[in-house]
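So you can see what is in the structure, the chains are spelled out below.
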Amino acid sequence: MIAVVDYGMGNLRSVQKALEYVGLDACLTSDSSVIKTADALVLPGVGAFRDCMDNLKRLELEESIRFFIKTGKPFLGICLGLQVLFSTSEEFGLTEGFDIIKGKVIAFDRKMKDKDTGETLKVPHMGWNRIKIKGKSPILKGIKDGEFFYFVHSYYVKPSDESVVLTTTDYGVEFVSSVWKDNIVATQFHPEKSQRAGLKVLENFGKWIKKC
């Protein structure tokens, strides 16, 4: 059973439906005991970093998520669920994250230019963009370099250790669009909104769970 953490933010139901579409048993939950004992955990989210951390603490879910990650079972973070794994975010002032992956979450420069056209790029970064594969992970099996995924974000992660970088994406700067560390995989893009490629990622996540 895959537990999708329900902390009152983001497109939780669409993540659950996408997991179910590829044949996985997924439930939305804010129950600490369910989170701790699940076979796999998904932390999705869209919104502000500080609100996310506040909600997780208020619902007493932060400790449960930390406990789960320490079990070594598969964990998938999506968008905000990637960012909160990091040490700090500069969104609306400095806010502490889980500090499970060392690094910070920083804002796109609102004056950045498209490298080809010279036009000022819109923030948030919203829409389809390519990934560059930098590392190896079972989550990317069958995904080709240059594949398109869907993004919605104004901030991006900057790991202290480059070895965790799984993919990068160009949008004014080359930013980290997914990471892989031990039992953690997390994406800035939204697999549940990325059609065929996104469903393949979720299908791969399910196969990884069965091997663990």
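Further up the page is the structure itself.
What you are looking at is a predicted structure, and each value in this text was computed from that prediction instead of being measured.

1. Here we look at the state of the cysteines
Then comes step 1: For the coordinates displayed, the defined rule picks out zero disulfides.
Then comes step 2: Cys 27 takes part in no disulfide bond, and the closest cysteine sulfur, belonging to Cys 212, lies 18 Å away.
Then comes step 3: What makes Cys 212 exposed here is its relative accessible area of 58%.

2. A look at the pattern of salt bridges
Then comes step 1: Evaluation of the coordinates by the stated rule reveals ten salt bridges.
Then comes step 2: Between Lys 102 and Asp 99 there is a salt bridge, with the nearest N and O atoms lying 2.8 Å from each other.
Then comes step 3: Of the residues examined, Asp 99 reaches a relative accessible area of 32% and is grouped as partly exposed.
Then comes step 4: If you follow the salt bridges from partner to partner, you end up with Lys 115, Lys 132 and Asp 170 in one network.

3. Points about the nonpolar core
Then comes step 1: Counting 35 residues, the largest nonpolar core has Ile 2, Leu 19, Val 42, Phe 149 and Phe 205 as the members making the most contacts within it.
Then comes step 2: Setting aside chain neighbours within four positions, we find Phe 149 in contact with Gly 127, Trp 128, Asn 129, Ile 131, Ile 143, Phe 189, Ser 194, Ala 197, Gly 198 and Val 201.
Then comes step 3: Judged by nonpolar contacts, the second largest core, of 34 residues, contains Leu 80, Ile 100, Val 157 and Ala 186.

4. With respect to the side chain of Asn 183
Then comes step 1: Position of Asn 183 among the secondary structure elements: in the loop between strand S13 (173-181) and strand S14 (184-187).
Then comes step 2: A polar contact is formed between the side chain of Asn 183 and the backbone oxygen of Lys 73, at a distance of 2.7 Å.
Then comes step 3: Apart from the residues lying within four places of it in its own chain, the contact partners of Asn 183 are Ile 69, Gly 72, Lys 73, Pro 74, Phe 75 and Trp 208.

5. Here's the deal with the packing of aromatic side chains
Then comes step 1: Here the structure, examined in full by the defined rule, presents ten aromatic pairs.
Then comes step 2: Centroid distance Phe 108 to Tyr 171: 5.7 Å. Interplanar angle 75°. Geometry classified as edge-to-face. Here Phe 108 is found in the loop between strand S7 (101-107) and strand S8 (125-130), whereas its partner Tyr 171 is found in strand S12 (residues 165-171), with 63 residues between them in sequence. Note on accessibility: Phe 108 and Tyr 171 belong to one class, buried.
Then comes step 3: The ring of Phe 67 has Lys 36 sitting right over it, with the charged end atom 5.2 Å from the ring centre.

6. A closer look at helix H3 (residues 49-58)
Since the α-helix advances by 3.6 residues per turn, residues separated by three or four positions end up pointing in the same direction.
Then comes step 1: Among the residues of H3, Phe 49, Cys 52, Met 53, Asn 55 and Leu 56 are the ones counted as buried. Along the axis of H3, the buried residues cluster in a sector spanning 160°; they form a single face.
Then comes step 2: Considering only its buried residues, H3 is in contact with strand S1 (2-5), helix H4 (62-71), helix H5 (80-83), strand S5 (86-89), strand S6 (95-96) and S7.
Then comes step 3: In the segment just after H3, Glu 60 is the residue with positive phi, at about 60°.

What counts, and where the lines are drawn
- Residues numbered from 1 in each chain as written.
- Predicted model: local features only at pLDDT ≥ 70, side-chain atom pairs only at ≥ 80, totals over all residues.
- Heavy atoms only, no water.
- Disulfide = S-S within 2.5 Å.
- Buried < 20%, exposed > 50% of the residue type's maximum accessible area, 1.4 Å probe, protein only.
- Salt bridge = Lys/Arg side-chain N within 4 Å of Asp/Glu carboxyl O.
- Core = buried A, V, L, I, M, F, W, Y, C linked by side-chain atoms within 4.5 Å.
- Contact = heavy atoms within 4.5 Å.
- Helix = DSSP H or I, 4+ residues; strand = E, 2+ residues; numbered from the N terminus.
- Polar contact = N/O pair within 3.5 Å; in protein donor to acceptor, adjacent residues only side chain to side chain.
- Phe/Tyr/Trp six-rings, centres within 6.5 Å; stacked < 30°, edge-to-face > 60°.
- Lys NZ or Arg CZ within 6 Å of the ring centre and 35° of its normal.
- Arc of directions from axis to C-beta.

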